[in-house]
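# Coordinate inspection notes
Here's the letter readout for the chains.
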Amino acid sequence: MTETETLLARLIAFPTVSRDPNRQLIDWVAETLAAAGIESRIIPSPCGHKANLLATIGPGDRPGVMLSGHTDVVPVDGQDWTRPPFELTEGDGLLYGRGTADMKGFVACAMAAARAAAGRRLAAPLHLAFSYDEELGCLGVHSLIDMLDAAEVRPTFCIVGEPTSMTVATGHKGKVAIRATCRGREAHSALAPTGLNAIHLACDLVAAIRAEQARIEATGTRDGDYDIAYTTLHAGRIEGGVALNIVPNRAVLDWEVRNLAEDDAAEIVDRIRAAADALVAGARRHAPEAAIEFEELFAYPGLGTGREAEVVRFVQGLTGGNATIKVAFGTEGGLFSARLGVPTVICGPGSMTQGHKPNEFVSRDQLGRCDAMLARLVERLEAGL
């Protein structure tokens, strides 16, 4: 096994599903880096069971390049795995395990590159930024960004190592997740018209969401670099009711907007809010207690780095490829770009078509290509970029 594969095997063995702590993994990363003389700053979550990690190799008073990766993974519950999800196994050049593609493969490559860089005299620094709770909506990385925001020197570039098959990705959509709590009036179902069915109210809201989606699809902004070329709205979860013979007085609808960088998600949410207000106004003529309350669960901005940006040319020089893509999934890259103003691209080993599935894998070839990219990065940092 290569050094990267050995590190990946250890990372996979930590079952860092987002609902569970990642602190043991972060402490192990810090210890492994410390053995190479690299000091890490650990940024614990409020509960202390999770943490981000920020490490710098080389001069801290100069701008350098940051490698960003998340350490949490999605659950394996209900999935038909034929291999142990939290043990790295190999077959036909493929390395299997939860997180191999999304995205502990890149974290392992970044750790190996950092250990190699520790033995070199870098003229510009290499930063490692490892986060928690990315899979829950990029929630954990904010405290790490706060630390970077307070620093005197910010990175020149950021590479987010989400799986792109080692192609440079310049963009992804933003996302806002909303919970709508719909309130009605309970009644015996035999007298249903005397009540106000909160599930029906939620369904009317779904109809408004679908109407807005149809409007955007027909007349909205388009970007052909994406698999789905326009902003999307999606109702993903609805819950309500206690028993069939009771008109429900409460229903909860979770819905989202995934917006192109050119579209303002807040304006879209405001249009849905206006539709909800109209629904409530009509319902209150019958039931004054009717209400629809919106709660933002989380949000992150899209990433829209220009194809001709310096960071794109820089990373293409490391990979040897000329193509660029945009990815359907969200990343922390939009936050690094929007909150810190750090030019950012996404480039990492593996494919998201393997992520979140049973028998997730990354190929040895992809890890090797990532190791080669980061070895060239270390050479560039040694020369001062």
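Refer to the structure printed above.
My aim in this report is to walk through the structure given alongside it, one point at a time. (Residues numbered from 1 in each chain as written. Predicted model: local features only at pLDDT ≥ 70, side-chain atom pairs only at ≥ 80, totals over all residues. Heavy atoms only, no water.)

The next point concerns the overall build of the protein. Counting secondary structure elements, the protein contains nine helices and 18 strands. Computed over C-alpha atoms, the radius of gyration of the protein comes to 23 Å, within 12% of the 21 Å expected from 2.2 N^0.38 for 385 residues, which places it in the range of a compact globule. With respect to the three principal axes, the spread of C-alpha positions in the protein is 80 × 45 × 40 Å. Restricting the contact set of the protein to residue pairs at least 6 apart, pairs at least 24 apart contribute 79%. Of the roughly 16,400 Å² that the protein leaves accessible, carbon and sulfur atoms contribute 50%. Charge-centre separation for the protein: the mean point of 37 positive side chains lies 1 Å from the mean point of 49 negative side chains. (Helix = DSSP H or I, 4+ residues; strand = E, 2+ residues; numbered from the N terminus. Rg over C-alpha atoms; globule rule 2.2 N^0.38 Å. Contact = heavy atoms within 4.5 Å. Areas by Shrake-Rupley, 256 points an atom, 1.4 Å probe, with all protein chains shown as cover. Lys, Arg positive; Asp, Glu negative; His and termini not counted. Charge placed at Lys NZ, Arg CZ, Asp CG, Glu CD.)

Side chains three or four residues apart in an α-helix point the same way, a direct result of the helix having 3.6 residues per turn. Over its 19 residues, helix H6 (residues 265-283) runs 27 Å from end to end, which matches the ideal 27 Å to within 8%, given 1.5 Å per residue. Tucked into the core, H6 has its buried residues touching strand S9 (174-183), helix H5 (198-219), strand S11 (232-240), strand S13 (250-259) and strand S14 (291-300). Two to three positions downstream of the cap, the backbone nitrogen of alanine 266 sits 2.9 Å from a side-chain oxygen, assigning the N-cap of H6 to aspartate 264. (Expected span 1.5 Å × (residues − 1). Polar contact = N/O pair within 3.5 Å; in protein donor to acceptor, adjacent residues only side chain to side chain.)

Turning our attention to the sheet that holds S13. On the basis of which strands lie adjacent, the open sheet formed by four strands has the order S11-S13-S9-S14 and antiparallel pairing. Two strands bound the open sheet, and with one partner strand each, they are S11 and S14. Shown here is a sheet whose adjacent strand axes are inclined to one another by a mean of 20°, direction ignored. Examined bridge by bridge, S11 and S13 share eight bridges and lie antiparallel to one another. Its bridge partner being in S13, glycine 240 is matched across the sheet by alanine 251. (Pairing = 2+ DSSP bridges. Axes fitted to C-alpha atoms, helices over the stretch in contact; angles between N-to-C directions.)

Right, let's talk about the packing of aromatic side chains for a bit. Scanning the model with the defined rule gives four aromatic pairs in all. A centroid spacing of 6.0 Å and a plane angle of 45° characterise the contact between phenylalanine 14 and tryptophan 28, whose relative ring orientation is tilted. Remark: tryptophan 28 occurs in helix H2 (residues 23-34) and phenylalanine 14 occurs in the loop between helix H1 (3-12) and H2; sequence separation between them is 14 residues. Classification of phenylalanine 14 by relative accessible area gives buried; the value is 7%. On the numbers, 5.9 Å between centres and 65° between planes, the contact of tryptophan 255 with phenylalanine 294 is edge-to-face. Taken together, the positions of tryptophan 255 in strand S13 and phenylalanine 294 in strand S14 put the pair 39 residues apart, joining distant regions of the chain. (Phe/Tyr/Trp six-rings, centres within 6.5 Å; stacked < 30°, edge-to-face > 60°. Buried < 20%, exposed > 50% of the residue type's maximum accessible area, 1.4 Å probe, protein only.)

The subject of this paragraph is the environment of threonine 344. In this structure, threonine 344 sits in strand S17 (residues 344-346). The exposure class of threonine 344 is buried, given its relative accessible area of 0%. Sequence spacing of threonine 344 and glycine 171 is 173 residues, and the spatial spacing of their C-alpha atoms is 9.1 Å. Those residues within four positions of threonine 344 in sequence are excluded, and the remaining contacts are Cys158, Val160, Leu303, Thr305, Val311, Gly333, Phe336 and Ser337.

Two quantities define a packed helix pair, namely the angle between the axes and the distance from one axis to the other. Packing of H5 against H6 brings their axes to within 10 Å, and their N-to-C directions diverge by 140°. The angle between H5 and H6 places the two elements in the oblique class. Viewed along their axes, H5 and H6 form a crossing whose handedness is right-handed. Contact residues: Leu201, Asp204, Leu205, Ala208, Ile209, Glu212, Arg215 and Ile216 in H5; Ile268, Arg271, Ile272, Ala275, Ala276 and Leu279 in H6. (Parallel < 35°, antiparallel > 145°, perpendicular 65-115°, else oblique. Left-handed = near helix turned anticlockwise from the far one by under 90°.)

For the structure shown, the criterion picks out zero disulfides. No disulfide involves cysteine 182; its nearest neighbouring cysteine sulfur is the one of cysteine 203, lying 9.0 Å away. Of all cysteine sulfurs, the one in cysteine 109 lies closest to cysteine 370, which takes part in no disulfide; the gap is 3.7 Å. (Disulfide = S-S within 2.5 Å.)

The next thing to look at is the nonpolar core. One broad rule of soluble globular proteins: the nonpolar side chains tend to lie buried together. Val29, Leu67, Leu126, Leu128, Val315 and Leu377 are the most contacted members of the largest nonpolar core, which totals 55 residues. Not counting chain neighbours up to four residues away, the residues in contact with leucine 126 comprise Ala55, Thr56, Ile57, Val65, Leu67, Ala113, Ala114, Ala117, Leu377 and Leu381. Formed by 25 residues, the second largest nonpolar core is a distinct cluster that contains Leu201, Val206, Ala276 and Val280. (Core = buried A, V, L, I, M, F, W, Y, C linked by side-chain atoms within 4.5 Å.)

This part covers the sheet that holds strand S18 (residues 361-363). Spatially, three strands are ordered S4-S5-S18 in an open sheet, and the strand pairing comes out antiparallel. Edge positions in the sheet fall to strand S4 (89-91) and S18, since each of these pairs with one other strand and no more. Averaged over all adjacent pairs, the angle separating strand axes in this sheet is 30°, with direction ignored. Two elements, strand S5 (residues 94-96) and S18, share three bridges in a ladder whose sense is antiparallel. Across the sheet, the residue bridging to leucine 95 is valine 362, located in S18. Across the sheet, helix H3 (residues 100-117) touches S5 and S18, and the angle it forms with S18 is around 50°.

Residue position: glutamine 366 is located in helix H9 (residues 364-382). Residue classification places glutamine 366 among the buried residues on the basis of a relative accessible area of 11%. Aside from chain neighbours lying at most four places away, what touches glutamine 366 is Ser165, Met166, Gly348, Pro349 and Gly350.

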